[in-house]
Amino acid sequence: MESIVAEKAPSASNPQNKLSLPASAGIHLFFILYSLFCIIPVILIIMVSISDESTVVREGYQFFPSKFDMGAYEFLFKDARQIIRSYGISIFVTVFGTLSSLIIMALYAYPISRSDFPHAKPFTFFVFFTMLFGGGLVPWYLVYVQMLELKDNIMALILPLVISAFFVLIMRTFFITTIPSAVLESAKIDGAGELTIFMRIVLPLSLPVLATVALFQTLTYWNDWFLSLVFITKDANITVQYLMYKTMLNIQFLANNSTAAAAIQAAGGTFRFPSETVRMAMVIIGVGPIIFAYPFFQKYFVKGLTVGAVKG
Amino acid sequence: MTKKSRGKWVSLLLLSMITVLSVSACSGNSGSGKETAATNKPEQSAATGGEATEAPDELKPHKLTLVYPGTPQTDEAVVEEALNKLLTAKINATIDLMPIDWGAWDDKVNLMIAGRDVIDIYFTAQWNGHANNVSKGAFIPLNDLIDQYGQGIKETLDPAFLEGAKINGKNYGVPTNKELASAGGIVYRKDVTDELGIDMSAVKEPKDLDAVYAVVKEKRPDLVPLYTNGAVFNAHYFGNYDFLGDSTIPGALLKDENGTTVAPVEDSARYQDYLKLARDFYVKGYINADAATTQVAPQDAWNAGKVFSTIEPMKPGKDAEIASAAGIPGKTAQIIMTSKTVATSETAGSMLGISSTSTNPERAMMLINLLHTDKEINNLLNFGIEGVHYTKNGEIISPTGKTADYSPGSAWMFGSQFLNYVWDTEAPDKWEQFKAFNEGAISSPALGFVFDSEPVKSEVGALANVIRQFQKAVETGSVEPEQGLKEYRQALKDAGIDKVIAEKQKQFDDFLASK
Amino acid sequence: MDILYGKFQKSVFRKYWMFYLMMLPGIAILVVNNYIPMFGILIAFKNINYTDGILGSPWTGLRNFEYLFKTKDAWIITRNTLLYNGSFIVLNLIVPLAFALMLNEMRSRFLAKLHQTIMFLPYFLSMVVVSYLAFAFMSDEHGFLNTTLLPMLGLDEVKWYFTKEVWPYVLPLVNTWKWVGYYTVIYMAAIIGIDEEYYEAATIDGASKWKQMTRITIPLITPVIVIMTLLQIGRIFNADFGLFFQVPRESGVLFPVTNVIDTYVYRTFLTVGDIGLSSAAGLLQSVVGFTLVFLSNWIVRRINKDNALF
């Protein structure tokens, strides 16, 4: 795993400046234990998803079930059309959303990073304020459905997450701290316009922060299920996260609303829930791809944040 | 931040706010009534005017939207197409089915209603915020529409339904025609009692179960004698408590005793007796130990095969329903243990309401009328296409390989259940049994009254939390009843139960006086 | 933009017109997604009627706020929210910082990376799934703790979902477990960004590891610590609904230690179904958070101007 971190490891690169052996061993031991603590529950989910259902009901969740069974996955993939379609939606939303989010946020962050721009402060506050104050779900919904008429539209899965104030601030900090103003000055003397400077000089110098933000936005888009819940009524346009998660929501709803559950039953409704093993298989199908993809692009995170998170 | 720049951002903020205000004022208007909703959809607005007098053959085409809770079905589009053919011929309408998963139902429907989505028909029910939505203007009054376009409903539906679903003298939803009475009882494993030689005919009321459970516990340790995830004998359908609307708002009548005094159920002798019994069963280990916290619903526990009996709201065939869902057909039986009653919770337990955003309420009512009278349309919506999703022999239907692609299980929401075909696993005379079951039920004195919680909503909110804190633990017998109940009642008092009871009593007295 | 134009000096606009153009898409989205819905705070003061719309519904003054203060629960939910969030802020600062510092000392970059990746896993799991996992450990009947671990240590079974005393530890544990990977990445990044020369100079001066940490590392990453902490303070009145609703499994016995503002409001909403009540709670939470952020930023400013967020 080659990465920027390996090239730039301040304390470790200096042989005189290292920890004593016991301390180092202690740290290793500690992290091995902690990593186990994090990974064990995830393994548990995988094991339950490939267990035999009746074994799970009888013995509870076990790391080593007495009987294995792939029935949960067979059940889920019986209707593969919907899963494939939802994966398609998720991939489109994630790719398109991340790209537009990146472009729009960078375009916003650059001007407010320029100390010579007189309105940099108010526009910084304009974006920061949105982190502290919100109008609530209903008015927000009204804007999207009545004003923009985006109900059941795939754009409703993209637009609300395009701007994350946090990442705009991170980008701004990066631009302030790492783009040498001398470079900008000389470009201006050469007669380059602001847009040219931004495209030709600023963006190429900012790849680390762009990569980091891109990856965090990828996670955000992939993991989102709430927008599907709110805006989409047709299964054709739901993301794979929501497809998996809504079953969990159904179970939660009835488990936590015993009044409603009793009333529904009294009115003649019956419930059939997927079994425990299917629930866990759903978790794996929903988060699986991104978990496996994560280590491959995680290496970019650190470099981007390295310079980006330092406040200017 | 310099003074100068602060001045600037304040003015910038103000300006953007003003821009925003002018935009939102427009949106406020556009969201405010069905006239404007209609202008959003010009092709539909033409259909709004002067239609009340049109005869069916002159009707302009209209697409009706029907929103109801349920899992979206794979073959929804196919069924919609078949429905469209029938509906176009009869009322020149097409239909857009919009099932919403239960887990998303509350969030989504609240937003759709508050967000003024243009919808024609919503599923609504007394236990699902019907009264509140009515008071907030979500539904239109239907009485005139029923008179004009709902003759079939009036002919087939027991008048008690419409009477019992009224709010302030008006109907805001058309109840489903189904069983009217309610009672509480148990469903148990008949094969187990046969095997152990237990005589169930002697079991008439809850305390008779003691002896039965003792044997089951001893001989069949793999079964939970009485499985529950909340209510035991003090479930409102078992205790015959009429909460005058939402059963999570305290203050009830004993509906089988013709009372008119609203009181906290926790004060009643019946409640306290049942509580002692539940505690006794719990201590003896008849009730599952995790009753107060388990998230395994009774049906799931049945499916897992670890249950001897559960408390259920009763109707004919409840035992068969549970058994077939659990894959043990024929191995269960049921005993009704309380008197049969009729209250608003049954009459308004499942309804179709017409949204105040509907662009064509007349057509919506025609559809509801068809669901109550037209056997073909009703069964198409509920079971799919004959020969594809089921095969039919007389009134009895059997599943096919494609049944799973369309089986919404929502028959109890749409029109008249008495029109439904019967699955081959059910009693062939199911609907006769239902009719018989409806006979001789006691009507609650509060039938047709629904409490409006608006004047005391702060207290109701506080009480909702108290109830969730104590109710399950106390009513499943998980805690010692004397001490537990004392704390529970004190907490209810602190949260303002007296004020809520007084308000309920006042509204109820007004209702009685106006009758 | 043409309204704004007149307000600004023409020269500024002429010089920076490209900047406004660049920011335009962002401004448009912020206005639509964030600023227009802010007028929804009106709902908190209204008795909403859908047919009359938000503007047309009657005003009710502060009535929608009453239920938050009315009962003795008000004190409990406020206390729980503040204490838990307070402890989360401290834990989300100290633990990830310590982890980042230790990872930074690891000689093997590969191992450091591996640990960091694994620590991030819990971040991917939704609270519903986390609640299942917690249940797998703490369930009475099948839970790993009761069936395996406690007997191994010779301890008695604990009925976890009925024992109030353990939850003030369980909830911060679960919360830290879920978030520590995320915050570690952020602090790790900040630490790695520090110029190596500082450490070289320190080593020549013979500074111990501890000294390097307290005198170089922590002061240099203070701006990041301030940002992260201020953002969390801004949400100190907003509890993580999933954590407090899903993980304790609605066990009523635990309410005195698990009921927080968000769960209280949700349960009220389930029964009353009035968006005015939830809007009122949301507004109150925002205002308190807003005030606290400005207050803490002001304090930070007094101590060190460079570290303040704005």
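Given the structure is predicted, the values throughout are model-derived calculations rather than measurements.

Each value, and the rule that gives it
- Residues numbered from 1 in each chain as written.
- Chains lettered and ligands numbered in written order.
- Predicted model: local features only at pLDDT ≥ 70, side-chain atom pairs only at ≥ 80, totals over all residues.
- Heavy atoms only, no water.
- Buried < 20%, exposed > 50% of the residue type's maximum accessible area, 1.4 Å probe, protein only.
- Helix = DSSP H or I, 4+ residues; strand = E, 2+ residues; numbered from the N terminus.
- Pairing = 2+ DSSP bridges.
- Right-handed = clockwise from strand over helix to strand, strands pointing away.
- Contact = heavy atoms within 4.5 Å.
- Buried area = accessible area lost by both parts, 1.4 Å probe.
- Salt bridge = Lys/Arg side-chain N within 4 Å of Asp/Glu carboxyl O.
- Polar contact = N/O pair within 3.5 Å; in protein donor to acceptor, adjacent residues only side chain to side chain.
- Nonpolar A, V, L, I, M, F, W, Y, C, P; charged D, E, K, R; others polar.
- Phe/Tyr/Trp six-rings, centres within 6.5 Å; stacked < 30°, edge-to-face > 60°.

## Quick look at the pairing of strand E2 (residues 93-100) of chain B
Residue and element names in this part refer to chain B.
For step 1, the next point in the chain: With 7 of 8 residues buried, E2 is to be regarded as a mostly interior element.
For step 2, the next point in the chain: In the sheet, strand E1 (residues 62-69) pairs with E2 via 8 bridges, with the strands oriented parallel. By the bridge assignment, Val67 is partnered in E2 with Met98.
For step 3, the next point in the chain: Where the polypeptide runs from E1 across helix H4 (residues 76-91) and back to E2, its parallel neighbour, the crossover connection is right-handed.

## Topic: the interface of chain C and chain B
For step 1, the next point in the chain: Contacts between the two partners involve 48 residues from chain C and, on the opposite side, 53 residues from chain B.
For step 2, the next point in the chain: Both sides together, the interface formed by chain C and chain B hides about 4400 Å², and carbon and sulfur atoms give 59% of it.
For step 3, the next point in the chain: The largest share of the area that chain C buries against chain B comes from Phe39(C), Tyr50(C) and Thr271(C), three residues that together contribute 17% of it.
For step 4, the next point in the chain: The interface formed by chain C and chain B contains 4 salt bridges.
For step 5, the next point in the chain: Note that Lys457(B) is salt-bridged to Asp274(C), the shortest N-O span being 2.6 Å.
For step 6, the next point in the chain: Scanning the region where chain C abuts chain B turns up 13 residue pairs in polar contact (both at pLDDT 80 or more).
For step 7, the next point in the chain: Taken together, the elements giving at least two residues each to the side of chain C that touches chain B come down to helix H1 (2-7), helix H2 (10-35), helix H4 (63-69), helix H5 (72-105), helix H13 (255-258), helix H14 (261-272) and helix H15 (275-303) of chain C.
For step 8, the next point in the chain: When residues in the side of chain C that touches chain B are grouped by element, the largest group, 8 residues, is from H14(C).
For step 9, the next point in the chain: Counted by class, the side of chain C that touches chain B contains 22 nonpolar, 13 polar and 13 charged residues.

## Focus on the packing of aromatic side chains
For step 1, the next point in the chain: Following the criterion strictly, the structure yields 77 aromatic pairs over all chains and no others.
For step 2, the next point in the chain: With centroids separated by 5.4 Å and ring planes inclined at 85°, the aromatic side chains of Phe30(A) and Phe99(C) adopt a geometry described as edge-to-face. One end of the pair, Phe30(A), is in helix H2 (residues 21-49); the other, Phe99(C), is in helix H5, on a second chain.
For step 3, the next point in the chain: Measuring from centroid to centroid gives 5.2 Å for Phe117(A) and Phe19(C), while their planes differ by 80°, and the two rings are edge-to-face.

## A few points about the pairing of strand E7 (residues 183-189) of chain B
All names here are of chain B.
For step 1, the next point in the chain: In terms of burial, E7 is a largely internal element, 7 of the 7 residues being buried.
For step 2, the next point in the chain: Of the two faces of E7, the one carrying Ala183, Gly185, Val187 and Arg189 and the one carrying Gly184, Ile186 and Tyr188 are both buried.
For step 3, the next point in the chain: Sheet topology note: the E7/strand E11 (residues 307-314) ladder contains 6 bridges and is antiparallel. Bridge assignment links Gly184 to a residue of E11, and that residue is Pro313.
For step 4, the next point in the chain: Here 5 bridges tie E7 to strand E12 (residues 332-336), and the two strands are oriented antiparallel to one another. Bridged to Ile186 within E12 is Ile335.

## Observations concerning unusual backbone geometry
For step 1, the next point in the chain: A positive phi angle, close to 65°, is found at Asp152(A), a residue other than glycine.
For step 2, the next point in the chain: Assignment of secondary structure puts Asp152(A) in the loop between helix H7 (137-147) and helix H8 (165-178).
For step 3, the next point in the chain: Positive phi outside glycine occurs at Asn240(B), with the angle close to 55°.
For step 4, the next point in the chain: Within the secondary structure, Asn240(B) is located in the loop between helix H12 (236-239) and strand E9 (241-242).

## Describing the side chain of Thr98(A)
Residue and element names in this part refer to chain A.
For step 1, the next point in the chain: The residue Thr98 is located in helix H5 (residues 80-113) in this model.
For step 2, the next point in the chain: We classify Thr98 as buried; its relative accessible area is 8%.
For step 3, the next point in the chain: Once you skip the residues sitting within four places of it in the chain, Thr98 turns out to touch Val93, Ala214, Gln217, Thr218 and Tyr221.

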